[in-house]
Amino acid sequence: MAGGAIRELEAVLDAAVDPVIACDSGEHILHVNTATERLVGWDREQLLGKPVTKLFPSRLHSFQGVSLVRYLLSRRKLLSGRPTRVFARRKDGVELLVELTVGAAGVNEEERIVLTMRRLHEVIDTLDEPLEHVANGPEAPVRPEETGDRLYQLVVENAPQGIFHFDRVPILTACNEQFAQLMGTSKRNLVGVNLLTLRDENIMACVRESLGGQRCDYEGDYRALSTGKVTPVRVRFAPCYAEDGSVEGGVAIVEDITDRRRVEAEREENMAQLDLLFRGAPVGIGFLDTELRYVRINETLARINGLPAEAHVGHTLPELLGAPGAVAELGPRQVLRTGEPMVSQEATTEDLGAPGPMRSFSGSFYPVRTPDGRVLGVGVLLEDVTERKRAEEERAHLYGEAQEAVRVRDDFLSIASHELKTPLTPLSLRLATLERRLERGEHLDPSVLRHARHQLTRLTGLINDLLDASRIEAGRLALHPEDTRFDQLVEHTLASLEGQRGNHVFDFERPPRTISVHGDAYRLEQVVLNLLENALKYSPDGGTIRVRLSVDEDVAVLSVKDPGIGIPEDQQRQLFDRYFRARNASSRSYGGLGLGLYISRDIVERHGGRIWVESEPGQGSTFYVALPTLAAARPGLPLAWADRHLH
Ligand code: ADP
C-alpha cells in the first residue's frame, strides 16, 4: 500500500471514537488508533510489533487451545457481527470491560486482523460469549479461571446487598442490580456517574479513605433522586488493588438497613421498657453469672444488700457481704449444681448480714438459660415480706385472741349458770322447810332463815358483779367521791365479815394515824371486801390473813396477805381481766365468776390508784391497793386523778 494511502487510513482511524487495533496473521500489532491509546494507556510506539494479547488479561489469552482472537474469529459467523464482552487490560493493570469485535481480511501472510473495542462501564452485566460454552456444554472442558469469573459474577449479582466499584477518579464503573434498585434507577444511569456529584461529604470521605488503602464505613439516609424516597443505608468501602499492588479503585457494599433500624429501634424500646421494669420493680432482682458474680442488680436488691448497685457488679456475695454472703450464696450455688429452681426461701436481714432494722425476705433462685438450654447464670428474686409477715402474725394473734375470747365466754356462761344456780337449791330447800313448819304450826328456826338470807345475799352479790362488769364495759359505772376515812372503811369491812370468816383469823395492822382519801366509800368497800373474801376463799380454813394499812408519801397502801393456794406466775398479770380465773382455782373447788378483781381494778384506777399482786403458788398471795391520800390532793381543787374518771 502506498505510504500516502496508509497515512490517510491512519488519519481516518484516529478520527474514530472507538479503539481500533490492526494485527498481522501472527497477532502482532501493526497499528493502533488514538482511541486505543487513550483506552489502554500505552503509546502507539510501545505497542507496535507486540502480541495483541498484551491488551488482555492473561486468563483471556487462550480458549480451548486457541488464542482469544482466533477463538472469536472461529465464531464470527455465529456472532454475525455482534460484539463480545471481554476484559481489556490497561497499562496500569486495571481491567476494563469492553465490547470487542474481531474481523479478518486476506489469507496466510497477508492476513490482517482488526479488533474494534468499545468501553463499557458495566462489568457485571453479561454471562454471554465468550464464556457461554463453559456454562452450557458438559462436554466442554471447564477451565478454572472461567468458572471463577462466572462465579464472581454470580456471587456479585446474587448478593443481597448492593455492590459497586469505582475507579480513582472516582467514577462509578460497575454495580449490581441490587444497588441500582436501592438507588431507584437503572445500572446504565449509574455507571459512569462521578461520585463527587453525590455531594455527600461523608461518602466522599469514605471514597478517599478507600482510595488511600483504608476500609471505611458510612451510615446515613439516601434520598433517591427520582422518587425522593429515603432509605437508611450502611455502606462499607474497601480499596481494590491492581496486580502491582497499587490501589486502582474501591468497592462498596451497600446495605438497606431499614429493617435493621426498625428492629434496632424496637429492641431499644423493648430494652428501655425492660430496664424500667427492672429498675422500678418493688422486688429485688439480680443476675449472677456462672461464677456467681453479679452481672446486674436493681435498686431494690441493692438497697436490701445495703450497697450501691454499681458496687455489686463483678463481685460475689461473700465478697460483698462477708460471712453471711457465703450463707446467702448457698441457694444460687445449689441452683447451678442441680439446674433446678429454688423458690420461696425465707431469710432475714440478719441472715444476709444486711444493716438496718430486722426485715424478712422471701427469695427465689432460678437458672437463667439460653434458648438452647445453656445455663448463663442464676436469677435472684428477693421480696421484702416483712409487712406481710407482720400482718400474718397479727392476724394469727387476733385469731388466737378471738378464739380465747370465745372460750372465755363459753367458760363464763357455764360457770355463771352454775354459780347462779348453786344458791338456788339450798334456798328453795330452806323455803320449803319453812313452809312445812309454818303449815304444821311448828317452831321456826331462825338459822334456817339466816341461811336462806345468806344464799340470797350470795345471789345478789353475783348479779351485782355481773351488772357492775357490764356497766364498766359500757363506761357507765358511776362513782360518788367524797372525803372518806379509809382506815375506818377497812376496819368496818373486816368487821362485816365476822360471820363469814369461819376459823380464819384476821390480823389487822392499823396505821399509826388516820388515813383519808377522796373516794366513793361504797365502791372502795367493794374492793376491800373482794380482797378479803378472796383471801378467805383461796386459803385453807384456820389460816391467818394479815391485813396492813399504811401511808407512804401521801399514798395509802392496803395489803391483804393470805397463806392460800397462790397464783401461777404466768397468770398473775391476767388476774384483773374480765372473767379470768387462774387455772389452780377450779370452779369445782372454788366458786366465782372471775369478775371481782376486774371490777376492783376499774374502781381503784378510777380513784387514781393502783392494784397488784405478789404471789407464789402454794405459798399464798398478797394483794396491794395503793390510793392517793387526801393530803395528796390540792385543797379546794377537785383531784386531778379522780376527776378524769368521775361521772
Ligand atoms: P373469782 O370470783 O373467781 O374469785 P376474782 O376476780 O376475785 O374472781 O379473782 C380472779 C381469780 O384470781 C380467781 O378466780 C383466782 O384464780 C385468783 N385469785 C384471786 N384472789 C386470790 C387469792 N387470794 N389467792 C389465790 N388466787 C386468787
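Right above here is the structure, for reference.
This text gives an overview of the structure that appears in the document. All of these numbers come straight from a predicted model, not from anything done at the bench.

**As for the sheet that holds strand E23 (residues 610-616)**
Each strand in a sheet pairs with another by means of backbone hydrogen bonds, the pair being arranged parallel or else antiparallel.
(1) Moving on: Taken together, the five strands give an open sheet; going across it, the order is E19-E21-E22-E24-E23, and neighbouring strands pair in mixed fashion. One side of each edge strand has no neighbouring strand; the edge strands of this open sheet are strand E19 (505-509) and E23. In this sheet, adjacent strand axes meet at a mean angle of 15° when their direction is disregarded.
(2) Moving on: Alignment of strand E21 (residues 544-552) against strand E22 (residues 555-562), held across seven bridges, turns out to be antiparallel. What sits directly across from arginine 546, in E22, is lysine 561.
(3) Moving on: Across the sheet, helix H22 (residues 521-537) lies against E19, E21, E22, E23 and strand E24 (620-628), angled at about 25° from E22, the strand it touches most.

**A word on the site of the ligand**
(1) Moving on: The local shell around the ligand holds 21 residues, among which Asn534, Tyr538, Asp562, Arg581 and Leu597 are the closest.
(2) Moving on: Here a nitrogen atom of the ligand sits 2.8 Å away from a polar atom, N or O, in the side chain of aspartate 562.
(3) Moving on: In this structure, leucine 597 approaches the ligand through a main-chain N or O atom, which is 2.7 Å from an oxygen atom.
(4) Moving on: Contact with the protein chains covers 97% of the free accessible surface of the ligand, which is 520 Å².
(5) Moving on: Secondary-structure elements contributing two or more residues to the shell around the ligand are H22, helix H23 (596-606) and E24.
(6) Moving on: The biggest single contributor to the shell around the ligand is H22, with three residues.
(7) Moving on: Here the shell around the ligand is built from residues that sort into eleven nonpolar, seven polar and three charged.

What counts, and at which threshold
Residues numbered from 1 in each chain as written. Predicted model: local features only at pLDDT ≥ 70, side-chain atom pairs only at ≥ 80, totals over all residues. Heavy atoms only, no water. Pairing = 2+ DSSP bridges. Helix = DSSP H or I, 4+ residues; strand = E, 2+ residues; numbered from the N terminus. Axes fitted to C-alpha atoms, helices over the stretch in contact; angles between N-to-C directions. Contact = heavy atoms within 4.5 Å. Near = heavy atom within 4 Å. Polar contact = N/O pair within 3.5 Å; in protein donor to acceptor, adjacent residues only side chain to side chain. Areas by Shrake-Rupley, 256 points an atom, 1.4 Å probe, with all protein chains shown as cover. Nonpolar A, V, L, I, M, F, W, Y, C, P; charged D, E, K, R; others polar.

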